[in-house]
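For reference, the chains in residue letters:
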There are 12 protein chains.
Amino acid sequence: MNEHVYKTIEITGSSQKGTDDAVRVAIEKAAQTVHNLRWFKVAETRGCVENGKISYWQVTLDVAFTLE
Amino acid sequence: MNEHVYKTIEITGSSQKGTDDAVRVAIEKAAQTVHNLRWFKVAETRGCVENGKISYWQVTLDVAFTLE
Amino acid sequence: MNEHVYKTIEITGSSQKGTDDAVRVAIEKAAQTVHNLRWFKVAETRGCVENGKISYWQVTLDVAFTLE
Amino acid sequence: MNEHVYKTIEITGSSQKGTDDAVRVAIEKAAQTVHNLRWFKVAETRGCVENGKISYWQVTLDVAFTLE
Amino acid sequence: MNEHVYKTIEITGSSQKGTDDAVRVAIEKAAQTVHNLRWFKVAETRGCVENGKISYWQVTLDVAFTLE
Amino acid sequence: MNEHVYKTIEITGSSQKGTDDAVRVAIEKAAQTVHNLRWFKVAETRGCVENGKISYWQVTLDVAFTLE
Amino acid sequence: MNEHVYKTIEITGSSQKGTDDAVRVAIEKAAQTVHNLRWFKVAETRGCVENGKISYWQVTLDVAFTLE
Amino acid sequence: MNEHVYKTIEITGSSQKGTDDAVRVAIEKAAQTVHNLRWFKVAETRGCVENGKISYWQVTLDVAFTLE
Amino acid sequence: MNEHVYKTIEITGSSQKGTDDAVRVAIEKAAQTVHNLRWFKVAETRGCVENGKISYWQVTLDVAFTLE
Amino acid sequence: MNEHVYKTIEITGSSQKGTDDAVRVAIEKAAQTVHNLRWFKVAETRGCVENGKISYWQVTLDVAFTLE
Amino acid sequence: MNEHVYKTIEITGSSQKGTDDAVRVAIEKAAQTVHNLRWFKVAETRGCVENGKISYWQVTLDVAFTLE
Amino acid sequence: MNEHVYKTIEITGSSQKGTDDAVRVAIEKAAQTVHNLRWFKVAETRGCVENGKISYWQVTLDVAFTLE
């Protein structure tokens, strides 16, 4: 299992609920086209503000998967 | 719309509930005196511990708003 | 009180619930052997993915305590 | 002259022409309300893309001025 | 519109004219195969020197686009 | 006390005596217009040289204060 | 030749022998699907430990290739 | 002598006098329990402000010692 | 297995042979007193030079192990 | 050709016209005393402001050349 | 005056007295062979420990001077 | 011995064999013109790829020597 080669891609998920949900949105979107997702790392957490309230959260992830 | 100039300020919000709530506290405080808040970026997440439990969370944000 | 010396250690907590809970797990584990925990700072947020879903979250903390 | 104290603020200028012009836009906007601007440092260069072309450039600056 | 997921790729454009042109070259090349480009961020600016003169400029960009 | 929101500003103090004195100059200048200063963090230490001797020291600080 | 546009991808190779071999494993795997690989840069070197011995090495690379 | 293995720990010293004294306080405290201290590196310099004056300085150090 | 808490320590190994050997020296020394070592990450690679030749290599590692 | 050894030096060019011209000024100055310049990398972009206008631009470069 | 080109070199001064003195030692040594020193920036502060006491301080500086 | 002043230069060595050999090539080249080399630190590891194989490795070092 140790001889695997991984590829890392960077994706950004967004959510109106919070940071953890923005991560879930990004992972689930990535899983639609990439199999063998293994781990992720949070690269940046941002958000948008409208009328003095947070309208949505954006989390950018480095996501790694096994190259077959 | 593209010709706007933005200013970024750094603020730290704190909360006993968690990180997302500390962000909300910071944004709502900033919105009391600054109009036209547009986006934020998390710069640092810290917290205080008392008697072996997290007593409150502190999140530092870079917050941008339009200069009119 | 100002003359205290602090030591910082780095620990990683994990949780199936989310990032804030992974921080709590790490702090409570550290509190079992280290007294006088004072503050923490999030150094890195990662997670594992199995079958296209987040199986658990991992948060690495720098945790400081007073040297007596 | 050496005993001056400077304050640094972060602003972002945007332009449809290019990066140098975005810096000029930011400096001229800041000069409307802040006197004694002394120097700037480029912190980040970004841009927006519409229909496969750059629609405008955004340059974020740290700008310092003398506190009187 | 907030629920979009973005992917970021890293590309390097080169030009004999200057930095802004190298960015344009990179964006136009990327636009040939990727739709929905949204924004870019300059990651690195380099160049080659031949016979004591700049022969071409190279700018590396992080370019984000919407995943459909 | 935990629910406070802090704002951070960046200032640069200069001194002919040394680094610690440049910090003091910056803090005392800031205290003239900003109340409730709480802590500072050194961001950069520079200096000027004239005729092969240090003519003055410059220390840039991030200074935080409570928003009331 | 100067007008080329490059794309950079991030891959991680692993090896039981050492760091240089982990780089070779990653490059050879990438070469199976990507032509025109030009250069790489080491981004991170890690490894796994089992029973007090290094079981395998992992090297993460940024690898660039020419877009045709 | 070259085959030594070093361990690095992170400690924070504080002082009412200045930065160099805060370093000395940290080293002397560490020397009470750790033998064979070899070198240190300043990681961060902070301070607290009360009533517009610096009340104490805090310097965080990475301190290395020989593992016997 | 996911609920484990890890602690990370920083150690530096040295070797006259090369970088990979310096990592092995550090891991084997750490394994004498710490059980459950899991992974390491290279933080810094340095070396000493005597009479124009490398006399030994020094590699600093962050090493993680499970807290039981 | 691969066995070359390069040396990198850091220089800062200034110009009243803009960033690209400041790079050209630096390269041409360096070429007067150093042969075999090969490539450069932009390390920092700054500028001076007088009376609310940019008086000149300063670009700091890492410039590499072949050691013969 | 604005058309000057600067070169930056990196030097490390050491002192038994403290950090500011280590900077002075470095600047005075550099001034013996390099004219037109203009400014410096502290890059790193380290020190050596012998018998539980600081034996000397080491400060690494980037020092810039005008190329004539 | 503590009162020495060090100068650091940045050089890049290349090798067809591997990373450690590229470091040796750089050190031996530097030793031809600079006496009193003391230590080095790896700043960057890169390589070139031709026909899907690593053609040579490039390691950039910061190398320090005593100023006499």
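Residues numbered from 1 in each chain as written. Chains lettered and ligands numbered in written order. Predicted model: local features only at pLDDT ≥ 70, side-chain atom pairs only at ≥ 80, totals over all residues. Heavy atoms only, no water.

Undergrad: Help me understand the overall build of chain A in this model?
TA: Regarding its fold elements, chain A presents one helix and three strands. Reading chain A from its N end, one meets helices and strands in the order β-α-β-β. For a compact globule of 68 residues, the expected C-alpha radius of gyration is about 11 Å, and chain A comes in at 14 Å, more than 25% above that figure. With the principal axes as the frame, chain A shows a C-alpha extent of 50 × 20 × 15 Å. At a minimum sequence separation of 6, the contacts of chain A that also span at least 24 residues come to 62%. Taking the average location of the 8 positive side-chain charges in chain A and that of its 9 negative ones, the two points are 4 Å from each other. (Helix = DSSP H or I, 4+ residues; strand = E, 2+ residues; numbered from the N terminus. Rg over C-alpha atoms; globule rule 2.2 N^0.38 Å. Contact = heavy atoms within 4.5 Å. Lys, Arg positive; Asp, Glu negative; His and termini not counted. Charge placed at Lys NZ, Arg CZ, Asp CG, Glu CD.)

Undergrad: It is not clear to me how the interface of chain E and chain J should be interpreted in this structure. Could you clarify?
TA: Reports of interface size often rely on the accessible area that becomes lost once the parts have come together. In this complex, chain E contributes 13 residues to the contact, which on the side of chain J involves twelve residues. Summing the contributions of chain E and of chain J, the shared interface buries around 1,100 Å²; its carbon and sulfur component is 58%. Of all residues in chain E, Arg46(E), Val49(E) and Trp57(E) bury the most surface against chain J, accounting for 42% of the area lost on that side. If you look at where chain E meets chain J, you find two salt bridges. The shortest N-O distance in the salt bridge between Lys41(J) and Glu44(E) comes to 3.6 Å. Counting across the interface, chain E meets chain J through four residue pairs in polar contact (both at pLDDT 80 or more). If you list the elements that add at least two residues to the side of chain E that touches chain J, you get β2 (37–50) and β3 (53–67) of chain E. At six residues, the largest contribution of residues to the side of chain E that touches chain J is made by β2(E). Split into classes, the residues belonging to the side of chain E that touches chain J amount to four nonpolar, five polar and four charged. With three bridges joining them, β2(E) and strand β2 (residues 37–50) of chain J adopt antiparallel strand pairing. Bridge pairing links Arg46(E) to Lys41(J) in β2(J). (Buried area = accessible area lost by both parts, 1.4 Å probe. Salt bridge = Lys/Arg side-chain N within 4 Å of Asp/Glu carboxyl O. Polar contact = N/O pair within 3.5 Å; in protein donor to acceptor, adjacent residues only side chain to side chain. Nonpolar A, V, L, I, M, F, W, Y, C, P; charged D, E, K, R; others polar. Pairing = 2+ DSSP bridges.)

Undergrad: Quick question: what am I supposed to make of the relation of the copies chain E and chain J here?
TA: Both copies of the chain are related by a screw-like operation: a rotation about an axis and a shift along it. Rotating chain E by 120 degrees about the axis while translating it 0.0 Å along that axis superimposes it on chain J, leaving an RMSD of 0.0 Å. Seen this way, the second copy is the image of the first under a three-fold rotation axis. (Least-squares fit on C-alpha atoms with pLDDT ≥ 70 in both.)

Undergrad: Where do I start with the arrangement of the chains in this structure?
TA: Structurally, chain I and chain J remain out of contact, their C-alpha atoms never closer than 16 Å. If you take every C-alpha in chain B and every C-alpha in chain L, the smallest gap between them is 26 Å, and the two do not touch.

Undergrad: Before we go on, may I ask you to explain the side chain of Thr60(C) in this structure?
TA: Residue and element names in this part refer to chain C. When you line up the elements, Thr60 lands in strand β3 (residues 53–67). The exposure class of Thr60 is buried, given its relative accessible area of 10%. There is a polar contact of 2.9 Å between the side chain of Thr60 and the side chain of Thr12. Discounting residues that sit within four places of it in the chain, Thr60 has contacts with Glu10, Ile11, Thr12, Lys41, Val42, Ala43 and Glu44. (Buried < 20%, exposed > 50% of the residue type's maximum accessible area, 1.4 Å probe, protein only.)

Undergrad: Explain helix α1 (residues 19–33) of chain D here, please?
TA: In an α-helix, one full turn covers 3.6 residues, which means residues spaced three or four apart are oriented alike. For α1(D), spanning 15 residues, the distance from its first C-alpha to its last is 23 Å, which sits close to the expected 21 Å at 1.5 Å a residue. Every buried residue of α1(D) is accounted for by Thr19(D), Asp20(D), Asp21(D), Ala22(D), Val23(D), Ala26(D), Ile27(D) and Ala30(D). (Expected span 1.5 Å × (residues − 1).)

Undergrad: Looking at this structure, I do not really get the pairing of strand β1 (residues 5–15) of chain K. What am I missing?
TA: Side chains on a regular strand alternate between the two faces of the sheet. Summarising burial for β1(K): nine of the eleven residues are buried, a large majority. Pairing analysis gives eleven bridges linking β1(K) to strand β3 (residues 53–67) of chain K, with the strands arranged antiparallel. Opposite Ser14(K), over in β3(K), you have Gln58(K) as the bridge partner. Where β1(K) lies against strand β1 (residues 5–15) of chain L, three bridges are found, and the strand directions are antiparallel. Paired with Thr12(K) across the strands is Tyr6(L), a residue of β1(L).

Undergrad: Is there a simple way to explain the pairing of strand β3 (residues 53–67) of chain H in this structure?
TA: Residues and elements named next belong to chain H. For β3, the tally of buried residues reaches twelve of 15 residues, placing the bulk of the element in the interior. Alignment of strand β2 (residues 37–50) against β3, held across twelve bridges, turns out to be antiparallel. Paired with Glu44 across the two strands is Thr60, which belongs to β3. Hairpin geometry of β2 and β3 is characterised by an intervening segment of two residues between the two adjacent antiparallel strands and by a positive phi of about 50 degrees at Asn51.

Undergrad: Would you take a moment to explain the environment of Ala26(G) for this structure?
TA: Within the secondary structure, Ala26(G) is located in helix α1 (residues 19–33). Spatially, the C-alpha atoms of Ala26(G) and Thr60(G) are 8.3 Å apart, while their sequence positions differ by 34 residues. Those residues in contact with Ala26(G) that sit more than four places away from it in its chain are Val5(A), Ile11(G), Thr12(G), Gly13(G) and Leu61(G).

Undergrad: What should I look at first to understand the pattern of salt bridges in this one?
TA: Oppositely charged side chains can form a pair if their charged atoms are brought close together. For the structure on display, the rule yields 48 salt bridges over all chains. Between Glu28(D) and Lys53(J) there is a salt bridge; the shortest N-O distance is 3.6 Å. Remark: Lys53(J) occurs in strand β3 (residues 53–67) and Glu28(D) occurs in helix α1; the pair is interchain, linking two chains. Each of Lys41(A), Glu44(C) and Arg46(C) takes part in one network of salt bridges that share partners.

Undergrad: Explanation requested: the interface of chain L and chain G in the structure shown.
TA: At the interface, 13 residues of chain L touch twelve residues of chain G. Put simply, chain L and chain G have two salt bridges between them. There are four residue pairs in polar contact (both at pLDDT 80 or more) connecting chain L and chain G. By residue number, the principal contributor to the side of chain L that touches chain G is strand β2 (residues 37–50) of chain L, which donates six residues. Here the side of chain L that touches chain G is composed, by residue class, of four nonpolar, five polar and four charged.

Undergrad: Explain the nonpolar core here, please?
TA: Buried together is how nonpolar side chains tend to be arranged in soluble globular proteins. By size, the foremost hydrophobic cluster in this structure holds 18 residues, and its most contacted members are Ile11(H), Val23(H), Ile27(H), Leu37(H), Phe40(H), Leu61(H) and Val63(H). Of all the secondary structure elements, the ones that give two or more residues to this core are β1 (5–15), α1 (19–33), β2 and β3 of chain H together with β3 of chain K. Broken down by element, this core gets its largest block of residues, five residues, from α1(H). In contact with Val23(H), other than residues within four places in its own chain, are Phe40(H), Val59(H), Leu61(H), Ile54(K) and Trp57(K). (Core = buried A, V, L, I, M, F, W, Y, C linked by side-chain atoms within 4.5 Å.)

Undergrad: Even after reading the chapter, I still don't get unusual backbone geometry, so can you show me in this structure?
TA: Across the chain, the bulk of peptide bonds are trans and the bulk of non-glycine residues have phi less than zero. Residue Asn51(J) is not a glycine yet carries a positive backbone phi of 50 degrees. Following the sequence through the fold, Asn51(J) ends up in the loop between β2 and β3. We classify Asn51(J) as exposed; its relative accessible area is 81%. Positioned with a positive phi, Asn36(K) is a non-glycine residue whose angle comes to about 70 degrees. Here Asn36(K) is to be found in the loop between α1 (19–33) and β2 (37–50).

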